[in-house]
Amino acid sequence: MRPDEILIIDRDTVERCLAKQDPVALVESMLHHHAAGGTVLPAEGYLAWRNGVGAYTRAIAMLGGSDTSSGRTYGMKLINASVSNPGLGIERAGGFTVLFDPETARPTALVEAGFISAERTAAYTMSTLRVLGPAGFDEVSIVGCGTLARAHVRLLHRYFGAVRRIHVHDIDPERARRFASDVTGRFPEYTVDIHPDVHSCVSASQVLVTLTVSDTPYIEAGSLRPGTFVAHVSLDDLRPEVFERAQAVYVDDLGLVCDNPRRILGALIRDGRVAVPGTSDAPGSGPGRAITGAYGDVLRGALPAVRPDDGFVVSNPFGMAVADVVMGRAVADLARAEGLGVMVDLLGAATRAGGAA
């Protein structure tokens, strides 16, 4: 491969390559290395604006690197979104991940980021469910019926064979109906119950996954059944008392959560209502609950795993671009090995990765 060649990998190829991978294992390996100090995660670049119809629109550029015994991986994820996109018939978010050569720093691959981002996010949820979730469950509640919901159902089917019922709610009833039809069409063994209100959906099972773009907290602690695990994947679904009353709260990266008061948990930390591990505001000595710690420390045995009993446990991942970079690297390696994708010489003409023009 010449220094100015870059492999371009579209979504179909990404999906084909990830079907041959174990996304949960990829994410867990990254989290283990991250907790041990084997990753680099610079501050993200964030640009927001209002588009022509006044909808919130943004671009996020996130760099990440991983240095492990199996090699070094560096790259950047650029993911852009507008809340008005679904109304246009397109996904809310889309973008690409660029992989860098560790020696020359030249870009070596351009990988469609939407599918990887959704798969990485859902894989993180699957891992936390396996380690922190109820000991046994056969139904799951999902709030928000977009791309991430489809990714979560896809991996639930792959990793949790006992699940047979999905409870769903979306502020757009038609989107919920389309989602239910898609799920039962692909997985006929599933029953999908569409709930007309969010609180009945939340209380319908002991596994709750929030996948919305809400910037206003609305889920109350009283809506959660005893023994519930909450994967708070989206921004601001949980009201403050959920964090303050939880048996345990796990995050993917303490620094990222603390440094972003735009999200509910970061705001609670800023206001002193939730404490960070290692500070004087430990549970029982401060104004609120302390975060239990980073989930990666659970995976490497440095922190106990707390499963819900008569209360509830919250997983609140911020989302780390290094996971997208690592997953993108796995996709690119397999694509090259199988001659997939399009190779482009940035100083010349495009040629097929397999050698054909």
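Please refer to the structure higher up on the page.
We now turn to the structure provided with this report. (Residues numbered from 1 in each chain as written. Predicted model: local features only at pLDDT ≥ 70, side-chain atom pairs only at ≥ 80, totals over all residues. Heavy atoms only, no water.)

Counting secondary structure elements, the chain contains eleven helices and 17 strands. A globule of 357 residues ought to have a C-alpha radius of gyration of about 21 Å, and the chain, at 20 Å, matches this closely. Along the three orthogonal principal directions, the C-alpha set of the chain runs to about 60 × 50 × 45 Å. Within the chain, the proportion of its 357 residues that are buried is 50%. Within the chain, contacts between residues separated by at least 24 positions form 66% of all contacts whose residues are at least 6 apart in sequence. (Helix = DSSP H or I, 4+ residues; strand = E, 2+ residues; numbered from the N terminus. Rg over C-alpha atoms; globule rule 2.2 N^0.38 Å. Buried < 20%, exposed > 50% of the residue type's maximum accessible area, 1.4 Å probe, protein only. Contact = heavy atoms within 4.5 Å.)

Two packed helices can be described by the angle between their axes and the distance between those axes. Contact pair helix α4 (residues 147-159) / helix α5 (residues 173-186): the axes reach a minimum separation of 11 Å and the direction vectors enclose 25°. When the interaxial angle is binned, α4 and α5 end up roughly parallel. Regarding α4 and α5, the two cross each other, and that crossing is right-handed. Mapping the contact onto sequence places A149, R150, V153 and R154 in α4 and R178, F179, D182, V183 and R186 in α5. (Axes fitted to C-alpha atoms, helices over the stretch in contact; angles between N-to-C directions. Parallel < 35°, antiparallel > 145°, perpendicular 65-115°, else oblique. Left-handed = near helix turned anticlockwise from the far one by under 90°.)

Strands sit in the order β10-β9-β8-β11-β12-β15-β13-β14 across an open sheet of eight strands; the sheet is parallel. Single-partner strands in this sheet number two, and they are β10 (191-194) and β14 (293-294). (Pairing = 2+ DSSP bridges.)

Before going further, it helps to examine the nonpolar core. Core analysis: the biggest nonpolar cluster contains 94 residues, and V140, I142, I166, F243, L265 and V314 have the highest contact counts within it. The greatest single-element share of this core, amounting to ten residues, is contributed by helix α11 (residues 321-337). Apart from the residues within four sequence positions on either side, L265 is in contact with F243, V249, V251, V257, V274, I291 and N316. The next biggest cluster of nonpolar side chains, apart from the first, holds five residues, and it includes I60, M62, I79 and A113. (Core = buried A, V, L, I, M, F, W, Y, C linked by side-chain atoms within 4.5 Å.)

All right, on to the side chain of S205 then. Position of S205 among the secondary structure elements: in the loop between α6 (198-202) and β11 (207-210). A relative accessible area of 0% places S205 in the buried class. Looking at S205, its side chain comes within polar contact range of the main-chain oxygen of V207, at 2.8 Å. Non-local contacts of S205, meaning those with residues more than four positions away in its chain, are made with E139, V140, S141, H167, R225 and T228. (Polar contact = N/O pair within 3.5 Å; in protein donor to acceptor, adjacent residues only side chain to side chain.)

This part is about the environment of D333. Turning to its location among the elements, D333 is positioned in helix α11. By relative accessible area, which is 37% here, D333 ends up partly exposed. Along the backbone, D333 and M62 are 271 residues apart, and their C-alpha atoms lie at a distance of 21 Å.

We now examine the packing of aromatic side chains. Enumeration over the complete set of coordinates arrives at three aromatic pairs. Summarising the aromatic geometry, the rings of F137 and F160 are spaced 5.3 Å apart at their centres and angled 40° between planes, so their arrangement reads as tilted. Placement of F137 in the loop between α3 (113-132) and β8 (139-143) and of F160 in the loop between α4 and β9 (165-169) is noted, with a sequence separation of 23 residues between them. Neither residue differs from the other here; F137 and F160 are each classed as buried. Taking NZ or CZ as reference, R262 lies 4.1 Å from the ring centre of Y46, over its face. (Phe/Tyr/Trp six-rings, centres within 6.5 Å; stacked < 30°, edge-to-face > 60°. Lys NZ or Arg CZ within 6 Å of the ring centre and 35° of its normal.)

Mapped onto the secondary structure, H232 falls in strand β12 (residues 228-232). H232 sits 13 residues away from I219 along the chain, and the two C-alpha atoms are 11 Å apart. H232 has contacts with T210, D237, L238, F243, I264, V314, S315, N316 and P317, leaving out every residue within four places of it along the chain. A distance of 2.6 Å separates polar atoms of two side chains, one belonging to H232 and the other to N316.

Interpretation in functional terms is not warranted from these geometric data alone.
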